[in-house]
Amino acid sequence: NAGVTQTPKFQVLKTGQSMTLQCAQDMNHNSMYWYRQDPGMGLRLIYYSASEGTTDKGEVPNGYNVSRLNKREFSLRLESAAPSQTSVYFCASSVIDREQFFGPGTRLTVL
Amino acid sequence: GNSVTQMEGPVTLSEEAFLTINCTYTATGYPSLFWYVQYPGEGLQLLLKATKADDKGSNKGFEATYRKETTSFHLEKGSVQVSDSAVYFCALRVTSGTYKYIFGTGTRLKVLA
């Protein structure tokens, strides 16, 4: 089992460029999440998907879109990147009433 | 609303010292509580959890007790090692509705040999 995988590990964008962060899990979890981690802010929820076919906004959704492609995959898209989106992005998954499992993260820099 | 408050770090200890990292929470209903650990360059890993009042979670020498009366879930370890150096996150899971998680801001622990 690979657990939760994320690609890419690192990315540098220019302001206004777009990109998609990919996340996949092989644990047959129903729920998947996207967080961003910033110094002094802890983890903040961007979007989550309680089950396949559903997505909901979290605490900081502005500037992001998500797609729950199937039960395994949950992608995060930045349509027009801004320097304020420089962060480390983590994907996580869980069974609905159990603990979350996290991927290794994507470090994104927007110039 | 729901929130988690952790003591600010960094916390610097000598090897074999006693560790306490404070965590208090505000939540409606009866949340489950978690401690996660993040080693440098990695994602978060579950360290321990407690799902109801007075439960004690434990793992790798770490312990935390779910105290409903003080709304606290403090992390303790009797004798820390250099390998415990990491960032520790307290979190709660809202059990009603959407099962979202609320994380604290994290406490960095540095253990010196």
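I will try to describe carefully the structure that is included in this document. (Residues numbered from 1 in each chain as written. Chains lettered and ligands numbered in written order. Predicted model: local features only at pLDDT ≥ 70, side-chain atom pairs only at ≥ 80, totals over all residues. Heavy atoms only, no water.)

Residue and element names in this part refer to chain A. Within the secondary structure, His29 is located in the loop between β3 (19-25) and β4 (31-38). There is a polar contact of 2.8 Å between the side chain of His29 and the side chain of Ser93. When neighbours within four sequence positions are excluded, His29 is seen to be in contact with Arg68, Lys71, Ser93, Ser94, Val95 and Phe101. (Helix = DSSP H or I, 4+ residues; strand = E, 2+ residues; numbered from the N terminus. Polar contact = N/O pair within 3.5 Å; in protein donor to acceptor, adjacent residues only side chain to side chain. Contact = heavy atoms within 4.5 Å.)

Quick look at the interface of chain B and chain A now. Counting residues at the interface gives 18 residues for chain B and 18 residues for chain A. Where chain B abuts chain A, roughly 1500 Å² becomes buried across the two surfaces, and 57% of that area is made up of carbon and sulfur atoms. Connecting chain B to chain A are 1 salt bridge. For the salt bridge of Glu99 of chain A with Lys49 of chain B, the shortest nitrogen-to-oxygen distance reads 2.8 Å. Taken together, the links from chain B to chain A amount to 5 residue pairs in polar contact (both at pLDDT 80 or more). For the side of chain B that touches chain A, the secondary-structure elements that each account for two or more residues are β5 (32-38), β6 (44-50), β10 (86-93) and β11 (101-103) of chain B. (Buried area = accessible area lost by both parts, 1.4 Å probe. Salt bridge = Lys/Arg side-chain N within 4 Å of Asp/Glu carboxyl O.)

Chemically, a disulfide is nothing more than a covalent bond linking the sulfur atoms of two cysteines. Residue and element names in this part refer to chain A. Under the criterion given, the structure shown has 2 disulfides over all chains. What pairs with Cys23 in a disulfide is Cys91, and their sulfur atoms sit 1.9 Å apart. Between Cys23 and Cys91, the disulfide has an S-S torsion of -70 degrees and is therefore left-handed. Here Cys23 is found in strand β3, whereas its partner Cys91 is found in strand β9 (residues 87-94), with 68 residues between them in sequence. In terms of burial, Cys23 and Cys91 fall into one category: buried. (Disulfide = S-S within 2.5 Å. Buried < 20%, exposed > 50% of the residue type's maximum accessible area, 1.4 Å probe, protein only.)

By themselves, these figures tell us nothing about what the structure is for.
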